[in-house]
Amino acid sequence: MGVKKNIAIILGDGVGPEVTSQAMRVLDTIAQYYHHEFAYTFALMGACAIDKTGDPLPQETIDICKSNDAILFGAIGDPKYDMDPLAKIRPEQGLLRLRKELGLYANIRPVMTYPSLQHLSTLKGDVLEGVDLVIYRELTGGIYFGKKTLNETGNIASDECIYESNEIERIAHLAYKHAQQRRKKLTLVDKSNVLETSRLWRKIVSDISTQYPEVETDFLYVDNAAIQIITNPKQFDVLLTENMFGDILSAEASVLAGSLGMLPSAAIGTGPALFEPIHGSYPKAAGKDIANPVGSILSAAMMLEYLGLEKEAKKIREAVSWTIQTGFVTKDIDPINFYFTSTIGEMVCDYILNRANETVHTENIQIRKSTII
Ligand code: IPM
Ligand code: MG
């Protein structure tokens, strides 16, 4: 007997709609194969929401998100706002407000590497071997949400970084619990030699660490962590950090996976959780069918796991690994021999439906491949 799940879909801006469409196609294939039903309700957020309603996060979107089992989100941002530093309304405010409204305080960003992509990486193969880490990024506090000021003459600005102990405790417990099920190592990344908030993080995490004696706890300054992530990433298991450090370090860590387009994420809180690729809206690629859908497809897998559909999630991961191993990758991974966004989605679905062999032997798949000579 299958299950029915209600999923809010926020396509967002730039490449958001095209990558999310592939993730939905994969979800539909999973539904077909395992006899489940996924019912989608679409909601607006970001630049497209500003264009239609004047608000990057209309109330209707919040209501839809709250009344569904989970949320799948694409990407946010539009260059027309990036070029205007005085813009009062910005697409990103939609996502930040949604995270806050839904209490999505823990952002989980797993980083995996694929042996078959090592030769395409700017990093050396031995650095990439055996990397398996997960970043726990605090998502509703810190400098992102502190008071912001700009004086009247427009030449002095400030962003306050503020944390309360309970905001640190709740994500620390989640990160420790995950570490217990993994390789039992947790690294807190902070800047406690300079920042008061970091000293609070260090104190609270040290206190909590005694409740998880089997987990080894390490502390690392963020500047050092930035070096270690690309020179010796296999030392890490669970990385725990505050909002902005987590944003930057997870983007950096995506280099390990081959591209920013590869990484999924889950934002967990008190209500329904939200799943999104960690990449942005990549406006230059929008509408060209060249963006990498893997981050979005793997986000859908994380969503299924959260909804209790573990074997289905595993199947998606297996299918994605198969496409990558077989050489079906997008332009960000291989700028010479690449396949289109929609082709990757199709391949993942073919694998799920046990049609992978036909796919590989189908001659016309070559037509879907672009070769720059
Ligand atoms: C991310 C993004 C967002 C963030 C932006 C789009 C607001 O970079 O999810 O990593 O900074 O959190
Ligand atoms: Mg980011």
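Residues numbered from 1 in each chain as written. Chains lettered and ligands numbered in written order. Predicted model: local features only at pLDDT ≥ 70, side-chain atom pairs only at ≥ 80, totals over all residues. Heavy atoms only, no water.

Observations concerning the domain arrangement of the protein chain
For the protein chain, the assigned domains are domain 1 (1–105 + 263–373) and domain 2 (122–257). Distance from the C-alpha centre of domain 1 to the C-alpha centre of domain 2: 25 Å. The interface is formed by nine residues belonging to domain 1 together with 14 residues belonging to domain 2. A buried area of about 1100 Å², summed over both sides, lies between domain 1 and domain 2, and 73% of it is on carbon and sulfur atoms. In this assembly, domain 1 and domain 2 are joined by zero salt bridges. Our enumeration of links across domain 1 and domain 2 arrives at two residue pairs in polar contact (both at pLDDT 80 or more). A per-element tally of the side of domain 1 that touches domain 2 places helix H5 (residues 91–101) first, with three residues. In terms of residue class, the side of domain 1 that touches domain 2 is made up of six nonpolar, one polar and two charged. (Domains from an automatic or database assignment. Contact = heavy atoms within 4.5 Å. Buried area = accessible area lost by both parts, 1.4 Å probe. Salt bridge = Lys/Arg side-chain N within 4 Å of Asp/Glu carboxyl O. Polar contact = N/O pair within 3.5 Å; in protein donor to acceptor, adjacent residues only side chain to side chain. Helix = DSSP H or I, 4+ residues; strand = E, 2+ residues; numbered from the N terminus. Nonpolar A, V, L, I, M, F, W, Y, C, P; charged D, E, K, R; others polar.)

Section: the packing of helix H1 (residues 16–34) against helix H12 (residues 310–325)
Remark: H1 packs on H12, axes separated minimally by 11 Å, with the N-to-C direction vectors making an angle of 125°. Taken together, the axes of H1 and H12 lie oblique to each other. In this structure, the crossing between H1 and H12 has a hand that is right-handed. Of the residues in H12, those touching H1 at Val-26, Ile-30, Tyr-33 and Tyr-34 are Lys-311, Glu-312, Lys-315 and Ile-316. Along the lines of polarity and charge, the residues of the contact of H1 with H12 split into five nonpolar, no polar and three charged. (Axes fitted to C-alpha atoms, helices over the stretch in contact; angles between N-to-C directions. Parallel < 35°, antiparallel > 145°, perpendicular 65-115°, else oblique. Left-handed = near helix turned anticlockwise from the far one by under 90°.)

A short note on the sheet that holds strand S9 (residues 216–221)
The sheet built from ten strands is open, its strands ordered S2-S1-S3-S12-S11-S4-S5-S10-S8-S9 with mixed pairing. The open sheet is flanked by strand S2 (37–43) and S9, the only strands paired with a single partner. Across the sheet, the mean angle separating the axes of adjacent strands is 25° when strand polarity is ignored. Note: strand S1 (residues 4–12) against strand S3 (residues 70–75), five bridges, orientation parallel. The residue bridging Ile-7 from the neighbouring strand is Ala-70, located in S3. Of the strands in this sheet, strand S8 (185–190), S9 and strand S10 (238–241) touch helix H9 (residues 222–231), which is tilted by about 105° from S9. (Pairing = 2+ DSSP bridges.)

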